[in-house]
Amino acid sequence: MEQSALGERRQPAVFITGAGGEVGHGLISSFSDERRPDIVATDLRELDHKSREKCAATYLADVCDRDALDRILSMYQVKEMFHLAAVLSTRAEFAPEIAHQVNVNGTVNILQIAAEQGRMYGEPVKVVFPSSIAAYGFGSLAQKKEVGSVTEYEHCKPSTMYGCNKLYCEHLGRYYAHSYRQLATDSVQGEDKNRGVVDFRCVRYPGLISAETVPTGGTSDFVPEMIHAAARGEKYKCFVREDTRIPFMTMPEAIDATLQLAAAPREELTQIVYNISSFSPSAGEVAELVKQYFPKANISFEPDERRQAIVDSWPEALDCSVATNDWGFAPKYTLEQAFEEYLIPRITKQYESKA
Ligand code: SER
């Protein structure tokens, strides 16, 4: 255990922001199953009881509040951060400047803290950051269909504030990892003390589907909403057309992949940003499967033109070959397997126990 400036011992911990969101929930469960180091979690809202129990400490803190972050981090020895706090794509379109503050300024706070801590430790602090398919942007549906699957660095012209924020933060992460304060005096004289103080790693998530939680404020939410509504016996009006196609994966696959990237040897990573996804169904194909398992499901398609346009600007499929080559990413499920082996058993159990 390391001593802090005040002489007290600082407990080693993994730091998570936005821990109360869907990914945070999955990450905390996975960490505690694997008995990984202590978790220090923050969110704007109190975490649910189960998640709280799995953490060494939880704090109510805003990622935009640098002083609060500093106060929390001064108590721990943190060499790995999962920066999940964000305002998602639909919500961000109602308050774009607030989204920018949280998504960008919050990320700068985390990167700056990581850089300072990295310099202090004399070794890089790892920052794991989820980006999104929202970083892409097609000008038309015809172009999206013609292109099909995309690699990380093509068609990145986002049309949402959230997508712009995520794409920019990917670049900021690269900057802090490779070029931070490149002209500062401490960088140009002799040993470069700033280079490599942040080990930034980023996954671009597709839409995520969890059996345990339902997303809020996103635009890929139509798939998880459709499945959960059917399991609860509720009608669902899908806000996109039946033929709408974007990539998805299950939450456990996303968590496993994130942890796999976090654990990969640095020298094997050839990129800062990695695409990951498992399947690319149309909304209609998902509805068909939902009806197989829940024959009484009442699903109608009533596209909301503006949310549809956002989903139409996102790619149909992601080329994940670099993630596969660099750190062994492999999807676990096809859509059918995801339903059979993960979603249906877990969702059914969940709503039975709530009934
Ligand atoms: N799930 C996100 C959203 O819909 C996209 O990554 O905003």
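Above: the structure in question.
This write-up is about the structure you can find in this document. Note that the structure is predicted; figures quoted are calculated from it, not measured.

**Let's talk about the overall build of the protein**
Piece 1. Looking only at helices and strands, the protein has 14 helices and 14 strands in total.
Piece 2. The globule rule puts the C-alpha radius of gyration for 355 residues at 20 Å, and the 21 Å found for the protein is close to it.
Piece 3. If you line up the protein on its principal axes, its C-alpha atoms span 65 × 45 × 40 Å.
Piece 4. For the protein, the proportion of its 355 residues judged to be buried stands at 55%.
Piece 5. Residue pairs at least 24 apart in sequence account for 76% of intrachain contacts in the protein once pairs closer than 6 positions are excluded.
Piece 6. Each charge class in the protein can be summarised by its mean position, and for the 38 positive and 50 negative side chains these summaries are 2 Å apart.

**Section: the packing of helix 1 (residues 22-33) against helix 10 (residues 251-263)**
The geometry of a pair of packed helices is captured by two quantities: the angle between their axes and the separation between those axes.
Piece 1. At a closest axis distance of 10 Å, the pairing of helix 1 and helix 10 adopts a crossing angle of 65°. Considering the angle they form, helix 1 stands roughly perpendicular to helix 10. Judged by the twist between their axes, the crossing of helix 1 over helix 10 is right-handed. Of helix 10, the residues touching helix 1 (which contributes Glu22, Val23, Gly26, Leu27, Ser30 and Phe31) are Met251, Ile255 and Leu259.
Piece 2. Each residue belonging to the contact of helix 1 with helix 10 can be placed in one class, and the counts come to six nonpolar, two polar and one charged.

**Section: the site of the ligand**
Piece 1. Every residue lining the ligand is accounted for by Leu88, Ser89, Ser132, Tyr162, Gly218, Thr219, Ser220 and Trp314.
Piece 2. Here an oxygen atom of the ligand and a side-chain polar atom of Ser89 are 2.6 Å apart.
Piece 3. The side chain of Ser220 places a nitrogen or oxygen atom 2.9 Å from a nitrogen atom of the ligand.
Piece 4. Out of a free accessible area of 240 Å², the ligand has 92% covered by protein chains.

**Here's the deal with the pattern of salt bridges**
Piece 1. Summed over the entire model, instances satisfying the criterion amount to 13 salt bridges.
Piece 2. Among the salt bridges present, the one from Arg346 reaches Glu212, with a minimum N-O distance of 2.5 Å. On the criterion of sequence distance, the pair formed by Arg346 in helix 14 (residues 335-354) and Glu212 in the loop between strand 9 (207-209) and helix 9 (222-231) is long-range, its members being 134 residues apart.
Piece 3. Arg241 serves as the salt-bridge partner of Asp312, at 3.3 Å between the closest nitrogen and oxygen. Linking Asp312 in helix 12 (residues 305-312) with Arg241 in the loop between strand 10 (236-238) and strand 11 (248-250), this pair joins segments that are 71 residues apart in sequence.
Piece 4. When its relative accessible area of 26% is taken as the criterion, Arg241 is described as partly exposed.
Piece 5. Overlapping salt bridges bring together Arg66, Asp70 and Glu116 as one network.

**Things to note about the packing of aromatic side chains**
Piece 1. One pass over the structure, following the stated rule, counts twelve aromatic pairs.
Piece 2. Ring centres of Tyr176 and Tyr180 lie 4.6 Å apart, and the angle between their planes is 25°; on these two criteria the pair is classed as stacked.
Piece 3. Look at Tyr293 and Phe339: their rings are 5.9 Å apart centre to centre, the planes differ by 20°, and that puts the pair in the stacked class. On the criterion of sequence distance, the pair formed by Tyr293 in helix 11 (residues 283-293) and Phe339 in helix 14 is long-range, its members being 46 residues apart.
Piece 4. Owing to a relative accessible area of 0%, Phe339 belongs among the buried residues under this scheme.
Piece 5. The rings of Tyr175, Tyr176 and Tyr180 are connected pair by pair, giving a single aromatic cluster.
Piece 6. Here Lys79 stacks its cationic end above the ring of Tyr121, 4.9 Å away from the centre of that ring.
Piece 7. Over the ring of Tyr136 we find Arg204; its NZ or CZ atom is 4.8 Å from the centre of that ring.

**With respect to the pairing of strand 6 (residues 125-132)**
Piece 1. Counting buried residues along strand 6, eight of its eight residues qualify, which places the element largely inside the surrounding structure.
Piece 2. Both faces of strand 6 are covered, namely the face carrying Val125, Val127, Phe129 and Ser131 and the face carrying Lys126, Val128, Pro130 and Ser132.
Piece 3. Of the strand pairs in this sheet, strand 5 (residues 76-83) and strand 6 are connected by three bridges, and their pairing is parallel. When the sheet's bridge partners are listed, Glu80 is paired in strand 6 with Lys126.
Piece 4. The sheet contact formed by strand 6 and strand 8 (residues 198-205) spans eight bridges and is parallel. The residue bridging Ser132 from the neighbouring strand is Tyr205, located in strand 8.

**Considering the nonpolar core**
Piece 1. By size, the foremost hydrophobic cluster in this structure holds 82 residues, and its most contacted members are Ile16, Phe82, Phe222, Val290 and Trp327.
Piece 2. Those residues in contact with Val290, other than ones at most four positions away along the chain, are Met226, Ile227, Ala230, Ala297, Ile299 and Phe339.
Piece 3. Core analysis: the second largest hydrophobic core is formed by 33 residues, Ile110, Ile113, Ala115 and Ala177 among them.

**Description of helix 5 (residues 96-121)**
Piece 1. If you check helix 5, its first and last C-alpha atoms are 36 Å apart, about what 26 residues at 1.5 Å a residue would give, namely 38 Å.
Piece 2. Phi for Gly122, located one or two positions after helix 5, is positive at around 70°.

**Concerning helix 11**
Piece 1. Residues of helix 11 that are buried: Ala283, Gly284, Val286, Ala287, Leu289 and Val290.
Piece 2. On the buried face of helix 11, the contacting elements are helix 9, strand 10, strand 13 (299-301) and helix 14.

About the criteria used
- Chains are numbered independently. Their residues run from 1 in the order of the written sequence.
- This being a predicted model, a pLDDT of at least 70 is required before a residue's local features are given, and a value of 80 or more before pairs of side-chain atoms are given or counted; all residues contribute to the totals for chains, interfaces and linings.
- To get the side-chain values, take all heavy atoms of the structure and skip hydrogens and water.
- Secondary structure follows DSSP: runs of H or I at least 4 residues long count as helices, runs of E at least 2 residues long count as strands, and numbering of each begins at the N terminus.
- The size measure is the radius of gyration over C-alpha atoms, and the globule rule it meets is 2.2 Å times the number of residues to the 0.38 power.
- A 1.4 Å probe rolled over the protein chains alone gives each residue an accessible area, and that area as a share of the maximum for its type sets the label: buried under 20%, exposed over 50%, partly exposed in between.
- The contact rule is simple, with two residues in contact once any of their heavy atoms fall within 4.5 Å.
- Charge assignment: positive for Lys and Arg, negative for Asp and Glu; neither His nor the chain ends contribute.
- Here the site of a charge means atom NZ of a Lys, CZ of an Arg, CG of an Asp or CD of a Glu.
- Note on definitions: angles span 0 to 180 degrees between N-to-C directions of axes, and those axes are lines fitted to C-alpha atoms, for helices only across the stretch in contact.
- Orientation labels follow simple angle bins: below 35 degrees gives roughly parallel, above 145 gives roughly antiparallel, 65 to 115 gives roughly perpendicular, and whatever is left gives oblique.
- Put simply, a crossing is left-handed when the front helix is turned counterclockwise from the back one by less than a right angle, and right-handed when it is turned clockwise.
- Gly counts as polar in this scheme, as do all residues outside two lists: the nonpolar Ala, Val, Leu, Ile, Met, Phe, Trp, Tyr, Cys and Pro, and the charged Asp, Glu, Lys and Arg.
- Here a residue is near a molecule or strand as soon as one of its heavy atoms is found within 4 Å of it.
- N or O atoms closer than or at 3.5 Å make up a polar contact, with two conditions inside protein: a donor-capable atom paired with an acceptor-capable one, and, for residues adjacent in sequence, both atoms drawn from side chains.
- Surface accessibility in these figures is a Shrake-Rupley result with a 1.4 Å probe; residues are shielded only by whichever protein chains are displayed.
- Whenever a carboxyl oxygen of Asp or Glu lies within 4 Å of a side-chain nitrogen of Lys or Arg, that contact is scored as a salt bridge.
- When the centres of two rings from Phe, Tyr and Trp lie within 6.5 Å, Trp using its six-membered ring, the rings pair. Their planes under 30 degrees apart give stacked, over 60 give edge-to-face, and anything left gives tilted.
- Should the NZ of a Lys or the CZ of an Arg lie within 6 Å of a ring centre and within 35 degrees of the ring normal, that charge is described as sitting over the ring.
- Two strands pair if DSSP finds at least two bridges between them.
- Throughout this description, the term nonpolar core refers to a set of buried Ala, Val, Leu, Ile, Met, Phe, Trp, Tyr and Cys residues connected via side-chain atoms within 4.5 Å.
- One less than the residue count of a helix, multiplied by 1.5 Å, gives the span that helix is expected to have.

The values are spatial; any link to function lies outside them.
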